[in-house]
Amino acid sequence: MVFEIEGIDGMFLLQQPTAKQIDEFIAIQAQQELSYAARGATHTQTSPDGFQVDHNRICLGQGRALYEQAKRALQDWQHFRLNWVSLHRQAAVPEPGQTVAILAHALGLWVLNACQVVYVLEETEPVQRFAFAYGTLPEHAECGEERFQVEWRADDDSVWYELYAFSRPQQWLSKISYPYVRHKQKQFARDSLQAMKAAVAILEN
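Model, not experiment: these values are computed from the prediction.

K.L.:
Please explain the pairing of strand β7 (residues 142-153) as it appears in this structure.
P.N.:
In the case of a regular strand, side chains alternate between the two sheet surfaces. Within β7, 11 of the 12 residues are buried, leaving the element largely enclosed by the surrounding structure. With 8 bridges joining them, strand β6 (residues 128-136) and β7 adopt antiparallel strand pairing. Bridge assignment links arginine 129 to a residue of β7, and that residue is glutamate 151. Hairpin connection, β6 to β7: the antiparallel pair is bridged by 5 residues. Note: β7 against strand β8 (residues 158-169), 12 bridges, orientation antiparallel.

Here it is, written out as structure tokens:
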């Protein structure tokens, strides 16, 4: 049995939910609308007013082969292979409309968040890149959108992984603990960069 904290909106849980409960959560959230209006704004990096912007990137190495490996790693959501966050999805690769759940463990609580993939893009000009973004659904501690991107720059043969996001607290508990929320957001960015670095380390070496 999962116990929610009485009087607090969102999925803040006292014990870890089962796979079945997470699947049911995803099914319900898949029927909901995004919790913000600026759908797709991470594509052009034109964040709406009133949101905190985060932009982080790391050079993964060099070469077209490494870019292709990084692309496959991103499609496989390997940037979420962290020891304190787990991602639950019902489709193999990101695609528009796909709903996913992110389960995090912090401060003795299990926090279950819901997001929906807003777009997937692949471009060859001015640089070759693959990216996708997801946006928050009503049962998410935060409100906003985040883009995950890998790119290969032919001018210097470099391969980059980049995160770009805008967000603001949505649930009551997120608002009163916002400094800690920001700490965890920054930790996720750092850990995600390193997860992608590890995903391509064999080929890079």
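Having seen the structure, we can now continue with the description.
K.L.:
Sorry if this is basic, but what is going on with the pattern of salt bridges here?
P.N.:
Opposite charge on two side chains permits pairing when their charged atoms draw close. One pass over the full model with this rule turns up 11 salt bridges. We note a salt bridge from arginine 57 to glutamate 151, for which the minimum N-O separation is 3.3 Å. Taken together, the residues span a long stretch of sequence, with arginine 57 in strand β2 (residues 52-62) and glutamate 151 in strand β7 at a distance of 94 residues. On the basis of relative accessibility, which here comes to 36%, the residue arginine 57 falls in the partly exposed class. The residue glutamate 151 makes a salt bridge to arginine 129 at a minimum N-O spacing of 3.3 Å. Of the two residues, glutamate 151 sits in strand β7 while arginine 129 sits in strand β6, which places them 22 residues apart along the sequence. Across this residue pair, the class does not change: glutamate 151 and arginine 129 are buried. Residues joined by salt bridges that share partners form a network here, namely Arg57, Glu123, Arg129, Arg147, Glu151, Arg153 and Glu162.

K.L.:
What exactly am I supposed to notice about the nonpolar core here?
P.N.:
Nonpolar side chains in soluble globular proteins tend to end up buried together. Ranked by internal contacts, the top residues of the largest apolar core, which has 33 residues, are Leu60, Phe80, Phe148 and Tyr161. If sequence neighbours within four positions are ignored, phenylalanine 148 has contacts with Leu74, His79, Phe80, Phe130, Ala131, Phe132, Tyr134, Tyr161, Glu162, Leu163 and Phe188.

K.L.:
Any chance you could explain the environment of alanine 199 here in plain terms?
P.N.:
Examined against the element boundaries, alanine 199 turns out to sit in helix α4 (residues 178-199). The exposure class of alanine 199 is buried, given its relative accessible area of 18%. For the pair alanine 199 and alanine 133, spaced 66 residues apart in sequence, the C-alpha separation works out to 20 Å. When residues no more than four places from it in sequence are discounted, the contact partners of alanine 199 are Gln69, Ala73 and Gln78.

K.L.:
Teacher, can you tell me more about the state of the cysteines here?
P.N.:
Where two cysteines share a covalent bond between their sulfur atoms, that bond is called a disulfide. Throughout the structure, instances matching the rule amount to 0 disulfides. Free of any disulfide, cysteine 143 has its nearest cysteine sulfur in cysteine 115, 10 Å distant.

K.L.:
What should I look at first to understand the pairing of β8 in this one?
P.N.:
Burial runs high along β8: 9 of the 12 residues are buried. Linking β7 back to β8 in an antiparallel pair, the connection comprises 4 residues, with aspartate 157 at a positive phi of about 70 degrees.

K.L.:
Explain unusual backbone geometry to me, please; I cannot follow it from the model alone.
P.N.:
A negative phi holds for most residues other than glycine; trans holds for most peptide bonds. Geometrically, the link from glutamate 125 to proline 126 is a cis peptide bond, its omega value of 0 degrees lying close to zero. Within the secondary structure layout, proline 126 lies in the loop between β5 (109-123) and β6. One non-glycine residue with positive phi stands out, namely tryptophan 77, at about 60 degrees. Position of tryptophan 77 relative to the elements: it lies in the loop between α2 (64-75) and β3 (85-89). Phi at aspartate 157 is positive, roughly 70 degrees, even though this residue is not glycine. Along the polypeptide, aspartate 157 turns up in the loop between β7 and β8.

Rules behind the numbers
Residues numbered from 1 in each chain as written. Predicted model: local features only at pLDDT ≥ 70, side-chain atom pairs only at ≥ 80, totals over all residues. Heavy atoms only, no water. Buried < 20%, exposed > 50% of the residue type's maximum accessible area, 1.4 Å probe, protein only. Helix = DSSP H or I, 4+ residues; strand = E, 2+ residues; numbered from the N terminus. Pairing = 2+ DSSP bridges. Salt bridge = Lys/Arg side-chain N within 4 Å of Asp/Glu carboxyl O. Core = buried A, V, L, I, M, F, W, Y, C linked by side-chain atoms within 4.5 Å. Contact = heavy atoms within 4.5 Å. Disulfide = S-S within 2.5 Å.

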